[in-house]
Every structure is written in structure tokens, then in C-alpha cells.
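Results of the structural survey
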Amino acid sequence: MRPDQSLRMKGCLRYIVGAMLLMSFGGTKPTGEFPQAQISNGIVQARLYLPDDKEGYYRGTRFDWSGVMPALEYNGHTYFGQWVPKYSPTLHDAIMGPVEDFYPVGYDDAKTGEVFLKIGIGMVVKPEEAKYFFANSYQLANAGEWKVKKKSDQVEFVHRLEDKDYAYEYRKTVELVKGKPEMILSHRLKNTGKKNLSSAVYNHNFFVMDNQPIGPDFVVTFPFTPSGDAETTRTYGHLEGNQIIYAKALGDNGHLQFKSLQGYGDSGKDYDIRIENHKTGAAVRITCDKPLTQLAFWSAPKTICPEPFIQVDVKPGDTFAWKIKYQFYTCDITSD
């Protein structure tokens, strides 16, 4: 068997095992029953779950419903998959892939029982609470309308929402670039309502690379020297130069988190993050055509997550667009 055939076979096996695991956890129904799409450019293959307010895999009120990705494979390596031990369609973080979270719009102006906006989800009801909390499950009052257009190498999602004060057309395309080991998330947000759409949005990047435990085999690299203190047990890792270095595996309940990393500038060149696993060789580079406005980092035993933010401000009648690029590659294997 040629080396490239061996790599493809290993990748297929990982893909199948990941799907079997996903079928078994949390008592959810088999993956084949969720609305989904498969895409490929002959180099990268991916599977996406599609938004559906009745049958969709994810129906929570935290993350944008488009672009949920339970699997992506390149060159025998897998990049996304199951990481949560429990599942419910409305659980805030029962989700996979390079998914995005828009901060709420109109929350402070809404009274208890009134609605506020979560872009990519819809209008949700404000309960009696002291402040917004991302992990809370909010009642969905207006889910808008989703349209999905599938092609062999891309999926386009269009979410249209009309409400009393807020309305928009949100268009997001997940595309595998022809002839390259690249994926691009293209976004266009058109404000068709009466009020400004002002929000911060970040991609949580729930990487599950080759199903490897998060620990010293992983290195995260930035184009600048970040500063900031770990918000959880510091013995798990630290900043060293322009990298995040793990001292030991996170174990069953360990986390390494930096809520606010500093040191980036005001140009898009600092939105440039690399994750490498030096045991398997799986690696990815993440870039964007907009500057960072905030940078966090979070990791759990099975997932590693740089969380880069950009600012979104769209006046009525205006459109705001941005792109995030993922370049998949292999790095040197240095671990035993």
C-alpha cells in the first residue's frame, strides 16, 4: 500500500469512528437523521449540520446556527468532532466546528418579557435576570427564515429576519477552495431594519484534532507576543514568547483559559493564529480580513479553542462583510 493510500484509509477510519461516537453520545438520534450536507474539493472533505428549528442538531440560543461542522478531514487528519460529554439540541455548547457567537443586540433596552436579538438565531425573550449570560437557554420568539443552497464544494446559508425594530439578511458561505487545502467562511450582513446592528462576534473554533487529548503535543502560535494571565489552573500551561505552551495534559476536568490576551495591533495582520499537534502532524492556520478587537483562548480536555473577536456595526441600509480563512497543513512530528 502506498503511503498516500495509507493516509487516506486512516482518515476515513477516523471519520467513521467519529461519526459512530457522535451517534452514541447523550442518547441523541443517529447523525443521518439530522439535516446535513457533505462537501469536498478533492483535498478537504467536510460535513455540516444545517439549521432547522424543529429537526436541527443545534437549536440553542448562543451560537449562530449556520456552519455547524461535526467533521472535516485533510490528508489523513481530522479537525472537528465530538467534545461535549452530554447532548441536548438546546444546550448552549453542544456544538462542533468553527462556529460563531454574536453578542446580543438590544438586550439592555429590552424589559423583562420583551425580546432582544441574537444574530444567526433570531429574537429571543429576556427573562427576569440581572444580566445576559451566554450559557442560559433563552426562549426563541422569532426564528426568522433559513434558506440553504448546496453545491459540491460549498454551502450557502441565508437567514432573513423581520421584527419590529430589527431586521436583516445574513448570508454565510462555507467554501472549500478549489485546488487548495483551504476553507473560507464568507459573511455578509445587510441591515434591513430600523435600528443599528452593533455587536462583537467571535469564532469559538472548537478544534478536535485527530481526537488527541489537549496537552503538551499542542502549540498555539501568534504573530505578536501576547500577554495576559491564565484564568484557570496555571500549572497546565503558560505564555512563552509568541506561543501558548502546555506543561501537561488537561486530564478529565482540566481547563487552560486566557480571557483577555493583549499585544495585537489594529491591523488585520495580527488575526493570524496557528495550531499545531507535534505528535500527529495535524496543523491549521486561521486568518481574517478584519482586525482583532478582542482575543480569548479556552481549552478543555478534548478541544482547543482560540477565540478571536471582530466588531460588527451596521447602520440601517448598510452591509458589512468579512472573511475567515482556514489553511490546513502538516507540521513536523517531534513528540514520541
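Scroll up to find the structure.
Bear in mind the structure is a predicted one, so any value in this text is a computation, not a measurement. All residue numbers refer to positions counted from 1 along the written sequence of the respective chain. Selection of residues for local features in this predicted model requires a pLDDT of at least 70, selection of side-chain atom pairs for listing and counting requires 80 or more, and totals for whole chains, interfaces and linings are taken over all residues. Hydrogen atoms and water are omitted, and side-chain values are computed over all heavy atoms in the structure.

1. Description of the overall build of the protein chain
Put simply, DSSP H or I for four residues or longer makes a helix, DSSP E for two residues or longer makes a strand, and each gets a number counted from the N terminus. Each helix and strand counted, the protein chain has one helix and 22 strands in total. Per-residue accessibility, obtained with a 1.4 Å probe over protein chains only, is compared with the maximum for each type, and a residue is labelled buried under 20%, exposed over 50%, and partly exposed between these values. A total of 336 residues make up the protein chain; the buried ones form 52% of that total. Intrachain contacts of the protein chain at a sequence separation of at least 6 include 63% that bridge at least 24 residues. Residue exposure ignores everything except the shown protein chains as possible cover, and the areas themselves are Shrake-Rupley values with a 1.4 Å probe. For the protein chain, the computed accessible surface area is about 14,900 Å², with 48% contributed by carbon and sulfur atoms. Here, residues are in contact when the closest pair of their heavy atoms is within 4.5 Å.

2. Structural notes on the layout of surface pockets
There is about 910 Å³ of room inside the largest pocket. Forming the walls of the largest pocket are 38 residues, and the residues nearest its centre are Arg62, Phe134, His204, Gln257 and Trp298. Looking at the lining of the largest pocket, the elements that each hand over two or more residues are β17 (256-258), β20 (294-300) and β21 (303-314). Sorting elements by how many residues they give to the lining of the largest pocket places β20 first, with five residues. The nonpolar class holds Ala, Val, Leu, Ile, Met, Phe, Trp, Tyr, Cys and Pro. Asp, Glu, Lys and Arg form the charged class, and all remaining residues, Gly among them, are polar. Of the residues that constitute the lining of the largest pocket, the class distribution is 21 nonpolar, eight polar and nine charged. Only protein atoms enter the calculation, which uses a 1 Å grid: trapped sets of points that fit a 1.4 Å probe without letting it out are cavities, open sets showing protein on both sides within 12 Å along at least five of seven lines are pockets, and any residue with an atom within 4 Å of a point is a lining residue. Grid points are joined across faces, edges and corners, and a volume is the space filled by probe spheres set on the points.

3. Notes on the sheet that holds strand β1 (residues 36-40)
Each pair of strands is called paired provided DSSP finds at least two bridges between the two strands. The strand order across the open sheet built from four strands is β1-β2-β3-β4, with neighbouring strands paired in antiparallel fashion. The sheet terminates laterally at β1 and β4 (77-78), the two strands that pair on one side only. By the bridge criterion, five bridges tie β1 to strand β2 (residues 44-49) in an arrangement that is antiparallel. If you follow Ala37 over to β2, its bridge partner there is Leu48.

4. Re the packing of aromatic side chains
Note on aromatic contacts: the rings of Phe and Tyr and the six-membered ring of Trp form a pair at centre separations within 6.5 Å, being stacked when their planes are under 30 degrees apart, edge-to-face when over 60 apart, and tilted otherwise. Overall, the coordinates contain 27 aromatic pairs when judged by the stated rule. Judged by centre distance (6.4 Å) and plane angle (55 degrees), the rings of Phe258 and Phe297 are tilted. One end of the pair, Phe258, is in strand β17; the other, Phe297, is in strand β20, with 39 residues separating them in the sequence. Under the relative-accessibility criterion, Phe258 is labelled buried at 2%. Two limits define a charge over a ring: the Lys NZ or Arg CZ must be within 6 Å of the ring centre, and within 35 degrees of the ring normal. Taking the ring centre of Tyr107 as reference, the NZ or CZ of Lys126 above it sits at 4.3 Å.

5. A look at the pattern of salt bridges
Salt bridges, as used here, are contacts in which a Lys or Arg side-chain nitrogen is within 4 Å of a carboxyl oxygen on Asp or Glu. If you walk through the whole model with that rule in mind, you get twelve salt bridges. Between Lys147 and Glu145 there is a salt bridge, and its shortest N-O distance comes to 3.4 Å. A relative accessible area of 42% means that Glu145 is categorised as partly exposed. A salt bridge links Glu169 to Arg160; the nearest nitrogen and oxygen atoms lie 3.0 Å apart. Sharing partners across several salt bridges, the network here consists of Glu156, Arg160, Glu169 and Arg171.

6. Remarks on the side chain of Glu182
Here Glu182 shows up in strand β12 (residues 182-191). In protein, a polar contact requires one atom able to donate a hydrogen and another able to accept it; more generally it is a pair of N or O atoms within 3.5 Å, and residues adjacent in sequence count only if both atoms are side-chain atoms. Looking at Glu182, its side chain comes within polar contact range of the side chain of Gln327, at 3.3 Å. Residues within four places of Glu182 in sequence aside, it is in contact with Asn41, Val44, Glu175, Leu176, Val177, Lys325, Tyr326 and Gln327.

7. A word on the environment of Val220
Structurally, Val220 is set in strand β14 (residues 218-221). The sequence separation of Val220 and Ile273 amounts to 53 residues, and the corresponding C-alpha distance is 7.2 Å. For Val220, the residues in contact, after removing those within four places along its chain, are Asn242, Gln243, Ile244, Ile273, Arg274, Ile275, Phe297 and Ile304.

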